[in-house]
Amino acid sequence: MTGLHNRRYLMPRLSELVERAERYDENFTIAMLDIDHFKQINDSVGHLGGDFVLRRFADILEDLIRSTDVVARFGGEEFVVLFPETEPADARKVVDKLREHVGKLPFHFRGEPVTVTFSAGLAGFVAGDTEESVFDRADRALYQAKDAGRDQVVISDSADGQ
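Now for a quick tour of the structure. (Residues numbered from 1 in each chain as written. Predicted model: local features only at pLDDT ≥ 70, side-chain atom pairs only at ≥ 80, totals over all residues. Heavy atoms only, no water.)

### Here we look at the overall build of the protein chain
Argument step 1. Helix and strand counts for the protein chain come out as four helices and seven strands.
Argument step 2. Radius of gyration (C-alpha) of the protein chain: 16 Å, near the 15 Å computed for a compact globule of 162 residues.
Argument step 3. Based on the C-alpha atoms only, the size of the protein chain along its principal axes is roughly 50 × 30 × 20 Å.
Argument step 4. Here the protein chain, with 162 residues, has 46% of them falling under the buried criterion.
Argument step 5. Of all intrachain contacts in the protein chain linking residues separated by at least 6 positions in sequence, the fraction that spans at least 24 positions is 70%. (Helix = DSSP H or I, 4+ residues; strand = E, 2+ residues; numbered from the N terminus. Rg over C-alpha atoms; globule rule 2.2 N^0.38 Å. Buried < 20%, exposed > 50% of the residue type's maximum accessible area, 1.4 Å probe, protein only. Contact = heavy atoms within 4.5 Å.)

Structural data, given as structure tokens:
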């Protein structure tokens, strides 16, 4: 529906990044993005409106993310971006710019304004990480962003869960 890659495409790319990071001492960052209060969007403008928001959000992601990054819809209103050879602080700048851009855009569906924000959790690869551990840290950082009030980016403490 969004035209983005899906989880089936994403997970092998994550495995490749982990292998490269281990072999060549490279870094990468994974970002998990979740549209805030998406159920309320569906409730206010219907599921077709929610689908419109998902498609528009996906288009914005593709437009603002580098061609070397991997963008995928992970499920529902969750998206994942893999930033090869990127430290978390640098990925945060990109995700914050994206977050600010999305928050300012006028989303309208059938003449109804729709407010769209998102929260994000980021985790950088650290030695000894597996696909699951780096993904899990990004996921926990996402929940920290949501628990802290949404519409923000949180970088995982690299010692989290290690």
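### Looking at the pairing of strand E6 (residues 118-124)
Argument step 1. Burial of E6 is extensive: seven of the seven residues sit out of reach of the surface.
Argument step 2. Side chains Phe118, Ala120, Leu122 and Gly124 of E6 all project onto a buried face; the interleaved residues Ser119, Gly121 and Ala123 project onto the opposite face, where all are buried too.
Argument step 3. Bridge analysis of strand E1 (residues 28-35) against E6 gives seven bridges, and the strand direction is antiparallel. By the bridge assignment, Thr29 is partnered in E6 with Gly124. (Pairing = 2+ DSSP bridges.)

### Regarding the side chain of Asp129
Argument step 1. By the secondary structure assignment, Asp129 is in the loop between E6 and helix H4 (131-147).
Argument step 2. Within the structure, Asp129 has its side chain in polar contact with the side chain of Arg137 (distance 2.7 Å). (Polar contact = N/O pair within 3.5 Å; in protein donor to acceptor, adjacent residues only side chain to side chain.)

### Notes on the environment of Glu77
Argument step 1. Residue placement: Glu77 occurs in the loop between strand E2 (70-75) and strand E3 (78-84).
Argument step 2. Sequence-distant contacts of Glu77, that is, excluding residues within four places in its chain, are made with Leu33, Asp34, Ile35, Phe38 and Leu54.

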